[in-house]
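Observations on chain architecture
Listed below are the residues making up each chain.
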Amino acid sequence: MIRLEAVAKHYRQEERLVTALAPTTLTIESGEFVAVVGPSGSGKSTMLTLLGGMLAPTEGRVWFDDESLYDLKVAERAKVRRLKMGFVFQTFNLVPYLTAQENVEVPLLLRGEPKAVQRARARELLSLVGLEDRASHKPTQLSTGQQQRVALARTLVNDPRVIFADEPTGNLDPDTRNHVLSFFEEFHRAGKTIVMVTHEIQAASRATRLLRMADGVLRDVPHDEASAPHSEPRRLAS
Amino acid sequence: MNFTTLVWKEIRERPMAMITGLLTITLGVAALVAIRNVAFYSERAVARELEALGANVLVLPQGVTLQDYYSADLHGQTMPEELVQQLAFSNLEGVESLAPKLCVPARLDERGIILTGILPQSEFQAKAAWQSANLFSPHKGCKKARCSPGDGGAESSPTQRTVQELYQHEALLGADIAEATGHKVGDKVKLLGETLVVSAVLPSTGTVDDGRVFAHLHTVQRLAKVGEVVNCIEIMGCCEDVAEGLVQQLADMLPGTKVVTISQVVQTQVSVNRLMERLSWLFLVILIGMAGASIANSTIANVRERRREIGTLMAIGATPHFVSLLFLSKAVIVGCLGGLFGYVLGSTVAVTIGSQWTGIPVTPLPILAAVAVGGAMLVSTAAAWWPARCAAALDPCMCFQDG
Ligand SMILES: Nc1ncnc2c1ncn2[C@@H]1O[C@H](COP(=O)(O)OP(=O)(O)OP(=O)(O)O)[C@@H](O)[C@H]1O
Ligand SMILES: [Mg+2]
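For the structure given in this document, a descriptive report is provided here. Once a new chain begins, its residue numbering starts again from 1 and follows that chain's sequence as written. Starting at A for chains and at 1 for ligands, labels are handed out in the order in which the entities are written. Restriction of local features to residues with pLDDT of at least 70 applies here, the model being predicted, together with a cutoff of 80 or more for giving and counting side-chain atom pairs; totals for whole chains, interfaces and linings are based on all residues. With hydrogens and water stripped out, all remaining heavy atoms of the structure feed into the side-chain values.

1. Looking at the interface of chain A and chain B
- Every contact between the two is made by 30 residues of chain A and, on the other side, 27 residues of chain B.
- Both faces combined, the contact of chain A with chain B buries some 2600 Å², and carbon together with sulfur accounts for 66% of it.
- Once two parts are brought into contact, the accessible area they lose, counted with a 1.4 Å probe and summed over both, makes up the buried area. Of all residues in chain A, the largest losses of buried area upon contact with chain B belong to Met54(A), Tyr97(A) and Leu110(A), amounting jointly to 26% of the total for that side.
- Counted as a polar contact is a pair of N or O atoms within 3.5 Å, where, for protein atoms, one must be capable of donating a hydrogen and the other of accepting one, and residues adjacent in sequence contribute only when both atoms are in side chains. The interface formed by chain A and chain B includes 11 residue pairs in polar contact (both at pLDDT 80 or more).
- Segments assigned H or I by DSSP are reported as helices when at least four residues long, segments assigned E as strands when at least two residues long, and all are numbered from the N terminus. Listed by contribution, the elements that provide at least two residues to the side of chain A that touches chain B are α1 (44–51), α2 (74–84), α3 (100–110) and α4 (115–128) of chain A.
- At six residues, α3(A) tops the list of elements feeding residues into the side of chain A that touches chain B.
- Taken together, the residues that form the side of chain A that touches chain B break down as 16 nonpolar, six polar and eight charged. Note on contacts: a residue pair qualifies if any of its non-hydrogen atoms lie within 4.5 Å across the two residues. Lys, Arg, Asp and Glu make up the charged group, whereas Ala, Val, Leu, Ile, Met, Phe, Trp, Tyr, Cys and Pro make up the nonpolar group; the residues left over, Gly among them, are polar.

Have a look at this one:
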């Protein structure tokens, strides 16, 4: 369902060309739970934004459901994101001046859902993540773990087919991390696709497929290699 | 939640960000509204004063002063009536009406009165019809400070205005004289040895006209045996033309007469009005420049501080159009509020300080509210246009970057 076709991304930094993603061909099937690991600066976020239709590649094509994402108009690409994709960020990115409830309502507002539907759906999702009693709190009045749960509710409220997560558990305590990961697993069990960038072995071990990124080069890691205790002592990325 | 809520909540979150823009718009609009408001009433006051004076240009025989004319138009000096024809055919722009007058002393029922001869308007129209369309109809340039608001007509003052119809055997009685003598419409009155029929009693005007009797100019000339002469010609001219050289043109055309403008009486007020007119243009430029720059500036700052939020919204699926609308709506709100506050402040200043300084009663003009709000919204939206487009062109991927 998602395909990178000889996709590369170069950045120009003061006369120097930085290759964030070397030419890569990759297919992610519907229903896969993919973890992407790799050292800092290796190009993981770059790849994720390319997949999510938010960053045009320098070369190649990104296919999503038989549509070449970057051949679409900006507004059409936004529509694909609105209807089919969900994003989870390391820094949550809640809208600071909206309450938890309103933050969850934003994607529905963008879809033009009526107020009543927005309210009901948002409540439903907030109680799913266990935050129905925090509905009227602003992000600053929530703990980091609670903020990520609100962000998760915001991602799920649209019922996306794919979730792109960039270090979703990086800022979380173990409890919330588990909480978030079990949501991902449940989402995965429902037949949906997840692409998750992570630094954590524990998080990566929940995935069904592991990709390792190094200096802009992506390669599949067989599962036994990833879980071998000596090859990666504590963190996959080092 | 709807779109408006989103915009409002952001404004409430960072009210200071729009304070400068709001303040600039408010002050600019307030200054404009105050000036326009006072100017409106000041222009009206000028118009009313001129109307009270009747004509705004007088053609008098040489040697008669404005003071003579005002103390009594019975100064005895005359000039030929043919000057009136000359004027009527001159096609001079800015002349709205002509009223020649001849005043002679007479007696009515043993009472000393002034009999004033006037020419009915119909006679001019008949003559001017084939000649020119300019006369007696305000021309295009004459829209401001018209000296005769409304069409006037015979009902106000016959000497100051014009009487549409008046036959040679008819007389018009001023309100006071009619009351004093008890004459009614249809009565016959004897004046200078001839019997005339009272065709109308004029409503009270509060001027000397109330104590006068009017008859056709040619009748008065014949009865007083003075020949074809008049004492003066009152001209109602468009104020702007009067100010801009009509007097000189008249003087050139009618040598041997004295052309004076009554607007000299209200000259200071006219020049104050002109100053206010210029000031309001200046303030308009300042408003557009300063308020525009201020709004543009605060919108740019707002876009910058909301980059992550914009990126997030776009990641969630907001279109560039949606994003730019977020900022434009904010500008519309700021413009609307600024226009409204500015109107209230400006009207308050006009009603209090303005009326005190000019000595003219001033009340708020509701039409200015619409203009102020509409104009301020336009300026503010235009100023926010470019920053809003920049916001729409931002990369959504920036929300992945830490910061
Ligand atoms: N906007 C940009 N302009 C120039 N270079 C960039 C830009 N964004 C990323 N890069 C470069 O591209 C490379 C990959 O960056 P990327 O953010 O994808 O790394 P990452 O694997 O996500 O790192 P981290 O684990 O620290 O988040 C880095 O060398 C980075 O400096
Ligand atoms: Mg990253």
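2. Some remarks on the site of ligand 1
Residue and element names in this part refer to chain A.
- Ligand 1 sits among 13 residues. The nearest are Ser40, Gly41, Lys44, Ser45 and Thr46.
- Take Gln13: an N or O atom from its side chain is 3.1 Å from a nitrogen atom of ligand 1.
- Within the backbone of Ser42, one N or O atom sits 3.2 Å away from an oxygen atom of ligand 1.
- The Shrake-Rupley method, run with a 1.4 Å probe sphere, supplies the accessible areas, and residue values consider only the shown protein chains as cover. Here ligand 1 has 630 Å² of accessible area as a free molecule, and 67% of this is covered by the chains.
- Of all the secondary structure elements, the ones that give two or more residues to the shell around ligand 1 are β1 (2–13) and α1.
- Looking at the shell around ligand 1 element by element, the count peaks at three residues for α1.
- Grouping the amino acids of the shell around ligand 1 by side-chain chemistry returns three nonpolar, eight polar and two charged. Consider each residue's heavy atoms; a residue with any of them within 4 Å of a molecule or strand counts as near.

3. Considering the environment of Ser182(A)
All names here are of chain A.
- Along the polypeptide, Ser182 turns up in helix α6 (residues 174–189).
- Exposure categories follow from relative accessible area, calculated using a 1.4 Å probe and restricted to protein chains: below 20% of the type maximum is buried, above 50% is exposed, and the middle band is partly exposed. You can call Ser182 partly exposed: its relative accessible area is 32%.
- With 24 residues separating them along the chain, Ser182 and Arg206 place their C-alpha atoms 8.9 Å apart.
- Within the local environment of Ser182, its side chain forms a polar contact with the backbone oxygen of Asn178, the two atoms lying 2.7 Å apart.
- A distance of 2.9 Å separates the side chain of Ser182 from the backbone oxygen of His179, its partner in a polar contact.

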